[in-house]
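Secondary and tertiary structure notes
Listed below are the residues making up each chain.
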Amino acid sequence: MTKPDIRDFTRQELAGAMIALGEKGSRIDRIFNFLHRKGAESFAAMDGVQEEFRNKLAARYDIAPAPAMEKRVSKIDKTIKLLFTFSDGAKAEGVVLFNKETASACLSSQAGCACGCTFCATGALGFKRDLKPSEILAQFAACRREAGGKLDSVVFMGMGEPFLNWANVRKSVLILADNKGYNFPQSKITVSTVGIVPVIRDLADSRLGIRLAVSLITADEAQRAELTPMAKKYSLREIIGAARYYGDRTKRSVLFEYIVFDGLNDTPEDAKKLLALIKDLICKVNLIIYNPVPGGAVYKPGSVEKAKEMQKILVEAGVRTHLRREKGADIAAACGQLAAGPGPL
Ligand code: SF4
């Protein structure tokens, strides 16, 4: 029988497990620190923890080995894509993005994705399985190493829909932010969803301090239904309602992501439609020009000129709007391109 991976436990869960082993809570912080800050790869590596206790832990729990990793580096902008293969063969990708003096990591929450968005390479793969907290944290640790030991922000915008694996993503956030763990501020973590309404509301009611990004994709309901099957489950009206609830409860701004497709949603009228949806929300908009995916010829990228025109309309109406420069397109590391393959060299 497979043993649970002790790296999947939050500090509170670890405390419960240790008390169940008849131990007092005093060793919790030390063990947690070994697991997450020092990156112990075995119980034997936990210097200073009594051998008898290490053996007790090893009898009940596992520390899975680090996943195998392949790396690609963009020749255009130095973006790094890491392809992880976990012990059962499941694959996921993490990306390190550099911007002047800062570095951010884009992490995957699932191997594949069940949402099936028609413009996304991950969606075309279908769903393989949820990633465990330890597998998400392994991506973080590897991305941080590749970034030279320091990351300024983390986004859950890689493979998978984080709110369909919320229990594990939430735990990984708690371990990342724990001051005995990675001590990475929650305010620097953004979780992006295609619009899983009940979890947006749960997040609003939670005490988590992470940021919310909602991938609206487009502002037209019928068009959205063509682009993501999830539109049939949650309407734009429900998604905007949940985003408003999140803003009201947390007083934090919501980031809306809009993908600009050529001839589909790239006119001034489309910008006004978007404006009508979000005008009374505290929010920011990222306009992302569609990134073609290998084998997908259905959509074409919108032009920078048209995207700038849309940006102007939104900005003039008082909405902070950023036209996102995509990175890592030459190594299939840009938004929507992650397909759990090594990608071009
Ligand atoms: S865009 Fe996001 S939610 Fe949609 S298929 Fe791709 S990974 Fe899944």
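These numbers were taken from a predicted model, which means no experiment stands behind them.

The rules behind these values
- Residues numbered from 1 in each chain as written.
- Predicted model: local features only at pLDDT ≥ 70, side-chain atom pairs only at ≥ 80, totals over all residues.
- Heavy atoms only, no water.
- Pairing = 2+ DSSP bridges.
- Helix = DSSP H or I, 4+ residues; strand = E, 2+ residues; numbered from the N terminus.
- Axes fitted to C-alpha atoms, helices over the stretch in contact; angles between N-to-C directions.
- Contact = heavy atoms within 4.5 Å.
- Buried < 20%, exposed > 50% of the residue type's maximum accessible area, 1.4 Å probe, protein only.
- Arc of directions from axis to C-beta.
- Domains from an automatic or database assignment.
- Buried area = accessible area lost by both parts, 1.4 Å probe.
- Parallel < 35°, antiparallel > 145°, perpendicular 65-115°, else oblique.
- Left-handed = near helix turned anticlockwise from the far one by under 90°.
- Nonpolar A, V, L, I, M, F, W, Y, C, P; charged D, E, K, R; others polar.

This next bit is on the sheet that holds strand S1 (residues 68–73). A sheet is described by the order of its strands in space; here 10 strands give the open sequence S1-S2-S3-S4-S7-S8-S9-S10-S11-S12, paired in mixed fashion. The sheet is open, and its two edges are formed by S1 and strand S12 (320–324), each paired on a single side. For this sheet the average axis-to-axis angle between neighbouring strands, irrespective of direction, equals 20 degrees. Where strand S8 (residues 189–193) lies against strand S9 (residues 211–217), 4 bridges are found, and the strand directions are parallel. Paired with Thr-190 across the strands is Arg-211, a residue of S9. Where helix H11 (residues 304–316) meets the sheet, its contacts fall on strand S10 (254–260), strand S11 (283–289) and S12, and the angle it forms with S12 comes to roughly 170 degrees.

Looking now at helix H3 (residues 51–60). Turning to H3, its buried residues are Phe-53, Arg-54 and Leu-57. With its buried residues spanning 100 degrees around the axis, H3 presents them on a single face. What points out from H3, more than 90 degrees from its buried face, is the exposed set Glu-51, Glu-52 and Ala-59.

It is worth spelling out the domain arrangement of the protein at this point. What the domain assignment lists for the protein is domain 1 (6–60) and domain 2 (68–331). The distance between the C-alpha centroids of domain 1 and domain 2 comes to 34 Å. Taken together, the contacts link 11 residues of domain 1 with 13 residues of domain 2. For the domain 1 and domain 2 pair, buried surface summed over both sides reaches about 1,100 Å², with 51% attributable to carbon and sulfur atoms. Broken down residue by residue, the surface that domain 1 buries against domain 2 is led by Asp-8, His-36 and Arg-37, which jointly contribute 48%.

What follows is about the packing of helix H1 (residues 11–20) against helix H2 (residues 28–36). The contact between H1 and H2 brings their axes to 10 Å, and the two run at 125 degrees. As summarised for this structure, H1 and H2 are arranged oblique, according to the angle between their axes. Crossing handedness for the pair H1 and H2: right-handed. Every residue of H2 that contacts H1 at Arg-11, Leu-14, Ala-15 and Met-18 is listed here: Ile-28, Asp-29, Ile-31 and Phe-32. Among the residues forming the contact of H1 with H2, the class breakdown is 6 nonpolar, no polar and 2 charged.

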